[in-house]
Amino acid sequence: MRYAILGGGSVTAEYYLPAFQLLGALDRVTVIDPSQASLDLLSASFAGLDLRLGGAELLQGYDLAADAAIVAAPNALHVPATLAALEAGAHVLCEKPLALTEQACAELAQAAAGRQRLLKVAMSRRYLPSWRLAREMVARRELGEVLAIEVSDCAPFGWRPRSLAFFAPESGGVLADMGVHYLDYLQTLIGPMRPLAYSDDARGGVESNAHYQLESLSGAPVQLRLSRTRPGDTFVSLRCERGEIRIDKANEREIVVAADGAAGRRVASLRPFRNGAHWPVSFIGSFCDMLADFENAAHGRETGIADVDDARQAAGLIEWAYAHRPAPVLPAAASASAEGEADVLITGATGFIGGHLLERLSQAGARVRVTARHPATFANAARFAVQVAQAGVLDAEAMREAAKGVRTVYHLAVDGGSPDARRVIIEGTRNVVEAAIEAGAECVVVLSTMYVFGFPESDQPIDESAPYRPYGGAYARNKAVMERWCLRRAATSGATRIVVLNPSCVFGPGGGVYSTTPYELETQHRGFAWIDSGSGAANYNYVGNLVDAILRAAEVPEAHGQRFIINDGCVTWREFLGPMLGPAADALPSYAPGELEALHRRLERFQPRALARAIAAAPEVRATAKKSLVIRAASQLLGLTDRRPAPPAPAGAECAAPARNTPPAWIAALYGPAKTRFSSARAEAVLGWRPRIGLEEAQRLTRAWLQENRPPT
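These notes cover the structure that comes with them.

Our next topic: the nonpolar core. In summary, soluble globular proteins display a tendency toward joint burial of nonpolar side chains. Ranked by size, the top nonpolar core spans 102 residues in total, and within it Tyr16 and Leu175 carry the most contacts. By residue number, the principal contributor to this core is helix H6 (residues 174-190), which donates 10 residues. When residues no more than four places from it in sequence are discounted, the contact partners of Tyr16 are Ile5, Val11, Ile70, Leu93, Glu95, Ala122, Phe287, Met290 and Leu291.

Listed below in structure tokens is the structure:
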């Protein structure tokens, strides 16, 4: 069979084409995509591949007799692309979901039947060896009937779509994207399901977090939790009459089976794929198996590939969920008009502070436009009804286009880690400010940092009159250069006001360095410690209070041409971080300044065994070593691998606390002994800003978020 793939995005590049390559059928594939950039990327990776520029309409009149089309376009295009392929005489394999309504699925089924063409759905996870093995065990009732099912798929968004069309409201969110795999799979295990309750976090856009409660027709409860923003467990747990079957998403080849009263054991299939024995036991191997099944179906053979009726049942469950989600609490005006009108432009809306600002503005009914460089970082912002300009701040023309028509620009975008970090901070800020001025915006608020002042020794709180003494390396130095330029440009910016804010240590739900980092160092790695018993000064700024200041800065004309330190207050690091760390805070070790650095210098002395361990940790070395008895024996002698597994602890025995890890040396720079205090008196006098949320409440909210979203292991 010859294939036309409609869509040259990530799923085509990462799965379909490698699968066709393994099948030796790449020369029978044509890829059609409206983006020349996408085709160029495919051409670089798959030499000689037949590539065509255009959309589904290119299939009109194209000779597809006895051929097939794979619809791999964004979700919103599945229905029209499938119809076009059917009309061109092709058998069709459509990526999931086929459609988001039962009616649309029924119409596609009718179209396929009328043309006597095959229409199947690419539920590729059905073919994962782990999923297939669990399904076979359930079918054989090896542990009896399934009594309850729990599904958790919670992890920061890891897919790499090339277009923000992936997040279009008509494409659906995490339920339509990842959830449809589970809804389809569970139906193969327990049959049709009844929906009971559904909730998600969509606020005019598409959901990033969802909780769905269902039950089988026999009454077995099903819990489905999905997240694109919260790290957590990713598994399917099948509780049966005589034990549990567990599928871990990260392990595509094995499942864990635990009969009642027995320890869990890992089980793998001797024949992971139905149609081939030599494919990699991975997601790409699953695509190979699915494509082979599709051809089998085209030749009238029996297969396990998903069909339109499977898609219709899953679509019905998704349709029910979206119809029963809680009503948005946002004003209707929060949705930007189709004509492209917007009141506000935010750069950096995909980040921690930008996300909180976006939520506040949406709640207030503002029509918001945001910039986004990468679709992969857009999951949280996609929850809201926003306009999106897919561009980075280094693209001056794109920034001018994005700023057209807006009254206020909030510039929060920053890049502290890439080779372009300096350009992003300095040149990117210039591009944004100049775009705002050219567009006639009333105000542009630029976010900087207190680190531009450093930590000078003083008996008095540091205010905005202090000289620049950047602390913390290139980031603070670049911010200082950026600030100076903004304040100079304010003198000639005409009707556009320019305001610079210098927040202190920003923390809160979703935060990093002053929220998640210490918590994870301790709960995940047992590697946090106090410096000088945590007696240094923590100048803190709760994110909700910072958003208040950002909004006030745009409203107060007198703020033009000034910078403002935004600082809620100052306590010791122990007083600040202790309540968020919980009971573990009292037992943390303490190091004197410089002690950690000296300790790491001693630990980093060259050790042959450490080098051997690093080499042995490389996946390709491990794979080779497993094949050699000599290497395996040598590894055991060197202590690179355990000779045998540790015996289980006796029943009822107390387990010793896990050993502490050496804290990283850099914590002394972030949570160190400096006693400098910062003053926000100018912000109070000019902006009328004072912290609305007190420290105790802010710590409580942050710890609650940490416990919910960063569970300790």
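There is a patch of like positive charges on the surface, built from Arg422, Arg430, Arg477, Arg484 and Arg488. Elements with a minimum of two residues in the positive patch: helix H11 (421-439) and helix H12 (474-489). In terms of residue count, H12 provides more of the positive patch than any other element does, three residues in total. Tracing the backbone shows Arg488 in helix H12.

Looking now at the side chain of Thr429. Along the chain, the position of Thr429 falls in helix H11. A residue is classified by how much of its surface remains accessible, and Thr429, at 2% relative accessible area, is buried. Within the local environment of Thr429, its side chain forms a polar contact with the backbone oxygen of Ile425, the two atoms lying 2.5 Å apart.

Turning to the sheet that holds strand E9 (residues 209-216), a few remarks are in order. Neighbouring strands of a sheet are bound in pairs by backbone hydrogen bonds; such pairs are parallel or else antiparallel. A sheet is described by the order of its strands in space; here eight strands give the open sequence E8-E9-E10-E7-E11-E12-E13-E14, paired in mixed fashion. Two strands lie at the open edges of the sheet, namely strand E8 (193-200) and strand E14 (265-268), each paired on one side alone. Strand-to-strand, the axes of this sheet are offset by a mean angle of 20°, without reference to chain direction. One ladder, built from seven bridges, connects E8 with E9; its direction is antiparallel. Bridge pairing in E9 links Tyr198 to Tyr212.

What follows covers the state of the cysteines. Throughout the structure, instances matching the rule amount to zero disulfides. Note on Cys105: no disulfide assigned, nearest cysteine sulfur contributed by Cys94 at a separation of 9.2 Å. Lacking any disulfide linkage, Cys570 is separated from the closest cysteine sulfur, that of Cys505, by 9.2 Å.

Following the criterion strictly, the structure yields 38 salt bridges and no others. With a closest N to O distance of 2.7 Å, Asp260 and Arg239 form a salt bridge. Here Arg239 lies in strand E11 (residues 234-240) and Asp260 lies in the loop between strand E13 (254-259) and E14, a separation of 21 residues in the sequence. Each of the salt bridges in this network shares a partner with another, and the network as a whole consists of Lys96, Asp177 and Arg228.

The rules behind these values
- Residues numbered from 1 in each chain as written.
- Predicted model: local features only at pLDDT ≥ 70, side-chain atom pairs only at ≥ 80, totals over all residues.
- Heavy atoms only, no water.
- Core = buried A, V, L, I, M, F, W, Y, C linked by side-chain atoms within 4.5 Å.
- Buried < 20%, exposed > 50% of the residue type's maximum accessible area, 1.4 Å probe, protein only.
- Helix = DSSP H or I, 4+ residues; strand = E, 2+ residues; numbered from the N terminus.
- Contact = heavy atoms within 4.5 Å.
- Patch = residues over 30% accessible without salt bridge, like charges linked within 9 Å, V, L, I, M, F, W, Y side chains within 5 Å.
- Areas by Shrake-Rupley, 256 points an atom, 1.4 Å probe, with all protein chains shown as cover.
- Salt bridge = Lys/Arg side-chain N within 4 Å of Asp/Glu carboxyl O.
- Lys, Arg positive; Asp, Glu negative; His and termini not counted.
- Charge placed at Lys NZ, Arg CZ, Asp CG, Glu CD.
- Polar contact = N/O pair within 3.5 Å; in protein donor to acceptor, adjacent residues only side chain to side chain.
- Pairing = 2+ DSSP bridges.
- Axes fitted to C-alpha atoms, helices over the stretch in contact; angles between N-to-C directions.
- Disulfide = S-S within 2.5 Å.

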